[in-house]
Amino acid sequence: ADWIFLIGIVLLIALGGFILYKTLKKQNRWNFIFSNLALIMTSSGLGFIILSFLLPRNTKLTVKTVSQAVKLVNISYFLTFIIIAITTILAVHISRKYIDKNNWYLYFTLLPYIIWAGWTYQQYQHWQNFLATRNFNIEKLTAMFIYYQSHMTKIDMNLMFEGYKSCAFIALLAFIYLLTVGGVYLVFKVKEKVQRKA
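What you see is a predicted model; the values in this text were computed from it and never measured.

Basis of the calculations
Within every chain, residues take consecutive numbers counted from 1 along the sequence as written. With the structure being a predicted model, the display of local features is reserved for residues of pLDDT at least 70 and the display and counting of side-chain atom pairs for 80 or more, all residues being used for whole-chain, interface and lining totals. Note: side-chain values were computed over all heavy atoms of the structure, leaving out hydrogens and water. For helices the rule is a DSSP run of H or I covering at least 4 residues; for strands it is a run of E covering at least 2, with both sets numbered from the N terminus onward. The globule rule used here is 2.2 Å times the number of residues to the 0.38 power, and the radius of gyration it is set against is calculated over C-alpha atoms. Contacts are residue-level and defined by heavy atoms, with any inter-residue pair within 4.5 Å sufficient. Surface accessibility in these figures is a Shrake-Rupley result with a 1.4 Å probe; residues are shielded only by whichever protein chains are displayed. The charge count treats Lys and Arg as positive and Asp and Glu as negative. His and the chain ends do not count. Working definition for charges: the position is that of NZ of Lys, CZ of Arg, CG of Asp or CD of Glu. Expected helix span is given by 1.5 Å per residue-to-residue step, counting one fewer step than there are residues. Exposure categories follow from relative accessible area, calculated using a 1.4 Å probe and restricted to protein chains: below 20% of the type maximum is buried, above 50% is exposed, and the middle band is partly exposed. Definition used in this section: a nonpolar core is a set of buried Ala, Val, Leu, Ile, Met, Phe, Trp, Tyr and Cys residues joined via side-chain atoms within 4.5 Å. Two N or O atoms form a polar contact when they lie within 3.5 Å of each other; inside protein one atom must be a possible hydrogen donor and the other a possible acceptor, and for residues adjacent in sequence the pair counts only when both atoms belong to side chains. Residues enter patches when their relative accessible area tops 30% and they take part in no salt bridge; the joining distance is 9 Å for like charges and 5 Å for the nonpolar side chains Val, Leu, Ile, Met, Phe, Trp and Tyr. Salt bridges are counted wherever a side-chain nitrogen of Lys or Arg sits within 4 Å of a carboxyl oxygen of Asp or Glu. Angular values range over 0 to 180 degrees, each being the angle between N-to-C directions of two axes fitted as lines to C-alpha atoms, with helices fitted over their stretch in contact. Should an angle lie under 35 degrees it is considered roughly parallel, over 145 roughly antiparallel, and from 65 to 115 roughly perpendicular; all remaining angles are considered oblique. Whether a crossing is left-handed or right-handed is set by the direction in which the near helix is turned from the far one by less than a right angle, anticlockwise for left-handed and clockwise for right-handed. Charged means Asp, Glu, Lys or Arg here, nonpolar means Ala, Val, Leu, Ile, Met, Phe, Trp, Tyr, Cys or Pro, and polar covers whatever is left, Gly included.

Student: Quick rundown of the overall build of the chain? Include the residues and the values.
Tutor: In terms of helices and strands, the chain carries seven helices and zero strands. In the chain, the order of α-helices and β-strands from amino to carboxyl end is α-α-α-α-α-α-α. Computed over the C-alpha atoms, the radius of gyration of the chain is 21 Å, more than 25% above the 16 Å expected from 2.2 N^0.38 for a compact globule of 198 residues. When the backbone C-alpha atoms are referred to their principal axes, the chain occupies close to 75 × 35 × 20 Å. Within the chain, contacts between residues at least 6 apart in sequence are counted, and of these 80% link residues at least 24 apart. With the model as given, the accessible surface of the chain reaches about 12,600 Å², and the carbon-plus-sulfur share is 68%. Computing the positive centroid from 20 side-chain charges and the negative centroid from 6, the chain places the two 10 Å apart.

Student: Could you give an account of helix α5 (residues 104–132), with specific residues and numbers?
Tutor: Over its 29 residues, α5 runs 41 Å from end to end, which matches the ideal 42 Å to within 8%, given 1.5 Å per residue. Where α5 is concerned, the buried positions are Y105, T109, Y113, W116, T120, Q123, Y124, W127 and L131. On its buried side, α5 packs onto α2 (29–52), α3 (63–94), α4 (96–101) and α7 (162–197).

Student: Could you give me a rundown of the nonpolar core, with the residues and numbers involved?
Tutor: In this structure, V66, V70, F145, M160 and F161 are the most contacted members of the largest nonpolar core, which totals 45 residues. Secondary structure elements with two or more residues in this core: α1 (2–23), α2, α3, α5, α6 (138–150) and α7. At nine residues, the largest contribution of residues to this core is made by α3. Apart from the residues lying within four places of it in its own chain, the contact partners of V66 are L61, I138, L141, T142, F145 and M157.

Student: For α2, give the residues involved together with the corresponding values.
Tutor: It helps to recall that an α-helix has 3.6 residues per turn; residues three or four apart then point in one direction. In this model α2 runs 35 Å from its N-terminal to its C-terminal C-alpha over 24 residues, within 8% of the 34 Å that 1.5 Å per residue would give. Among the 24 residues that make up α2, 18 are buried, leaving the element largely enclosed by the rest of the structure. Measuring from the side-chain oxygen of the N-cap residue of α2 to the backbone nitrogen of W30 gives 3.0 Å; that N-cap residue is N28.

Student: An account of a nonpolar patch on the surface is requested, with residue identities and associated values reported.
Tutor: Together, W3, I7 and L11 make up a nonpolar patch on the protein surface, roughly 400 Å² of accessible area in all. In this structure, L11 sits in helix α1.

Student: Let's hear about the packing of α2 against α5: which residues, and what values?
Tutor: Where α2 contacts α5, the two axes come as close as 11 Å, and the packing angle between them is 25°. Judged by the inter-axis angle, α2 sits roughly parallel to α5. Here the hand of the crossing between α2 and α5 comes out right-handed. Touching R29, F32, N36, L39, I40, S43 and S44 of α2 are Y105, F108, T109, P112, Y113 and W116, all from α5. In terms of residue class, the contact of α2 with α5 is made up of eight nonpolar, four polar and one charged.

Student: How would you explain the pattern of salt bridges if you had to name every residue and give the values?
Tutor: Summed over all chains, the structure comprises two salt bridges. Residues E162 and K165 are paired through a salt bridge, measuring 3.3 Å at the closest nitrogen-oxygen approach. Placement of the pair is E162 and K165 together in helix α7, with a separation of three residues, close to one helical turn. Of the charged contacts, one joins K189 and E192 as a salt bridge, the two residues approaching to 3.6 Å between their closest N and O atoms. Of this pair, K189 and E192 both sit in helix α7, three residues apart, which is roughly one turn of that helix. The exposure class of E192 is partly exposed, given its relative accessible area of 24%.

Encoded structure:
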């Protein structure tokens, strides 16, 4: 299942890159939407793959491995913010000609990244609050994982890594929006052709 999901993400990245390449050649409102959705899909997909390398390879539950995993979770959040920042800069760059014509394009360019950054920041705050609770310590967290696994519950340290899961979710969400907008675009084009013939 993991390999199938990974192949799906790679295909989304390839599709996003192809759409981005095609839509940057000609300027119109449709291409503005397609190029920005393709960029989000590509960057979040790449973010998912990059952050996947931070996932613990040693799944043995010890205080040392859980402590290392907690440190990697903090790093993954910072990397997610860097990915969002870089993608935002790229989005403004590819939309600059649209933005020169109308400032509303800047708003629609930045909106997805504001939402993504806000959502990620909220997750990060929840994580920090969890670490700052009075009763928290690595020993108790390790004991919790061991307890759940001993009761036949599939729970491991990767559940703590919200950053890479949010990247995958954003990639899939952008793909769904891309399909929806693509469908509307096809209907619009077919309707336009019918009107021309009439």
